[in-house]
Amino acid sequence: MVKRVEEKIICLFCNKSFKNQEKFISHNDFYVCESCIRKCDELLIDKENKVKTNISSKFLKPIEIYNRLDAFCVGQDKAKKMLSSAIYNHFKRINNLNGETEKSNILLIGPSGCGKTLLAKSLAKILNIPFSISDATSLTQAGYVGEDVENILYKLLQSANYNRKEAEKGIIFIDEIDKIGRKGENVSITRDVSGEGVQEALLKIVEGSKVTVPLGNPRRSFNREDVVMDTKDILFICAGAFTNLDNIVAQRKKDTAIGFSKKKTGNNALPHYLQEDLIKFGMLPEFIGRFPIIVRLEELGKGELKNILAGDRSSLLKKYNDILKDDEISISLEADALDYITDYAYYKKLGARGLKNIIEMILSDITFNLQKGSYRFSKDEIMKMIS
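Computed from a prediction, not measured in an experiment: that's the story for all the values here.

Definitions and limits used
- Residues numbered from 1 in each chain as written.
- Predicted model: local features only at pLDDT ≥ 70, side-chain atom pairs only at ≥ 80, totals over all residues.
- Heavy atoms only, no water.
- Axes fitted to C-alpha atoms, helices over the stretch in contact; angles between N-to-C directions.
- Helix = DSSP H or I, 4+ residues; strand = E, 2+ residues; numbered from the N terminus.
- Parallel < 35°, antiparallel > 145°, perpendicular 65-115°, else oblique.
- Left-handed = near helix turned anticlockwise from the far one by under 90°.
- Contact = heavy atoms within 4.5 Å.
- Nonpolar A, V, L, I, M, F, W, Y, C, P; charged D, E, K, R; others polar.
- Patch = residues over 30% accessible without salt bridge, like charges linked within 9 Å, V, L, I, M, F, W, Y side chains within 5 Å.
- Areas by Shrake-Rupley, 256 points an atom, 1.4 Å probe, with all protein chains shown as cover.
- Salt bridge = Lys/Arg side-chain N within 4 Å of Asp/Glu carboxyl O.
- Lys, Arg positive; Asp, Glu negative; His and termini not counted.
- Charge placed at Lys NZ, Arg CZ, Asp CG, Glu CD.
- Buried < 20%, exposed > 50% of the residue type's maximum accessible area, 1.4 Å probe, protein only.
- Core = buried A, V, L, I, M, F, W, Y, C linked by side-chain atoms within 4.5 Å.
- Pairing = 2+ DSSP bridges.

Looking at the packing of helix α14 (residues 335-347) against helix α15 (residues 351-369)
Then comes step 1: Look at α14 against α15: their axes get within 9 Å of each other, and the N-to-C directions meet at 135°. Put simply, α14 runs oblique to α15. Here α14 runs over α15; the crossing is right-handed. Contacts from I341, Y344 and A345 in α14 reach G351, L355, I358 and I362 in α15.
Then comes step 2: Classifying every residue of the contact of α14 with α15 by side-chain character gives six nonpolar, one polar and no charged.

Structure representation (structure tokens):
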């Protein structure tokens, strides 16, 4: 009986029989010998090495990343250059091309509507690695109502189609990071669970450690599944407006200026932010210390706002006309109307988001009625709509 069974055991790949005294693995009456299993293992390892080689040889150079960012975003040349270099170094680091260099997380500081979020979203389109965007205002310290900080890792894992290894080489963008600043320099008796508490919870994640991430429902439950993620190779980009930070810088400069060494600076001079300024704002020293690259984004000028609204590149008017094309509708602005809108957005400090709000206001009746035709708006018509 034993001999008959052994005669039926034949390798599915090489037809080797069990008589050769080699180990076999069986499943549902199919058999594979040890030699074929080893060959398959070698092929898989070789394939993984080739994939790594291809990734390391094809990732974009800083100038290439900059040029692609420039196609999406108007202005902010300094910020785009620093981001391009940081992303390039991140690629080199995760592919072991620059030794044991530690990652350099990035902090973007600039007024609302200057393009911080757009830069992050544009990177998501350019890069072929997992990328996620989270809002710091929704985060709270563990055990309180709101999102746990581990949820930002879960979003990255989702963007990587739950491939943990790929997610561990991705980028996480956290917006509105200034909203979790401490409300004052003095420590309060009550717990600041949505401010200082969140900063403390983010410390180990941002620095690099192994974090247990709940899958599915992030809240505690008996049936939940967890996955352990290593964050040492995840690049964190945080952004915030940091309102009144310029006043803290001005006070610091005033305190350090003595006698004739005190100089007046023009309104156009961009302040140089130090870690001590951010600490006075309400950020923890340990948290800010994990963001060695601080990028200052400028307020958009009139010319840049005009390019965003109706420039040669992917302007707002072009985007909206593409949307309305199927309904045989097109919109345009007269020269004086274009100047009025950009001046209005500039002096009201609305930024690029303000331009979009104005266009939405102009289109409200058109998109509701969907009456075919070409619509051209004058300055007087725009003034009536937004006044």
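Here we look at a positive patch on the surface
Then comes step 1: A cluster of like positive charges, contributed by K121, K125, K319, R353 and K356, occupies part of the molecular surface.
Then comes step 2: Secondary structure elements with two or more residues in the positive patch: α5 (116-126) and α15.
Then comes step 3: Tracing the backbone through its elements, the reader meets K319 in helix α13 (residues 316-324).

What to know about the side chain of S378
Then comes step 1: By secondary structure assignment, the location of S378 is in the loop between β11 (373-377) and α16 (379-386).
Then comes step 2: With a relative accessible area of 17%, S378 lands in the buried category.
Then comes step 3: The residues touching S378, leaving out its near neighbours within four places in the chain, are E334, D336 and A337.

Side note on the pattern of salt bridges
Then comes step 1: Using the criterion set out here, one finds 14 salt bridges in the structure.
Then comes step 2: Its salt-bridge partner being D77, residue K80 comes within 3.9 Å of it at the nearest N-O pair. Pair noted here: K80 and D77 are both in helix α4 (residues 77-94), with a separation of three residues, about one helical turn.
Then comes step 3: Judged by relative accessible area, D77 falls into the partly exposed class, the value being 40%.
Then comes step 4: A salt bridge links E299 to K349; the shortest N-O distance between them is 3.4 Å. Pair noted here: E299 is in the loop between β9 (293-296) and α12 (302-310) and K349 is in the loop between α14 and α15, with a separation of 50 residues, a long-range link.

With respect to the environment of I25
Then comes step 1: Its location among the elements puts I25 in strand β1 (residues 24-27).
Then comes step 2: Separated by 14 residues in sequence, I25 and C11 have C-alpha atoms that sit 9.0 Å apart.
Then comes step 3: Beyond its immediate sequence surroundings of up to four residues, I25 is in contact with F30, Y31, V32 and I37.

Section: the nonpolar core
Then comes step 1: Within the largest apolar cluster, 40 residues are counted, with the highest numbers of intra-cluster contacts made by I177, L202 and F287.
Then comes step 2: Not counting residues up to four positions away in its chain, the partners in contact with L202 are V149, I152, I174, I177, I180 and F287.
Then comes step 3: C73, A79, L108 and A120 belong to the second-largest nonpolar core, a separate cluster that totals 29 residues.

Let's talk about the sheet that holds strand β3 (residues 106-109)
Then comes step 1: Overall, parallel pairing links the five strands, which are arranged β4-β5-β8-β3-β9 in an open sheet. Two strands in the sheet have a free side with no partner beyond their single neighbour: β4 (131-135) and β9. Averaged over neighbouring strand pairs, the angle between their axes works out to 20° when direction is ignored.
Then comes step 2: Of the pairings in the sheet, the one linking β3 to strand β8 (residues 235-240) comprises four bridges and is parallel in character. Directly across from I106, in β8, lies its bridge partner I237.
Then comes step 3: Lying on the sheet, α4 is in contact with β3, β5 (171-175), β8 and β9; it crosses β9 at an angle near 155°.

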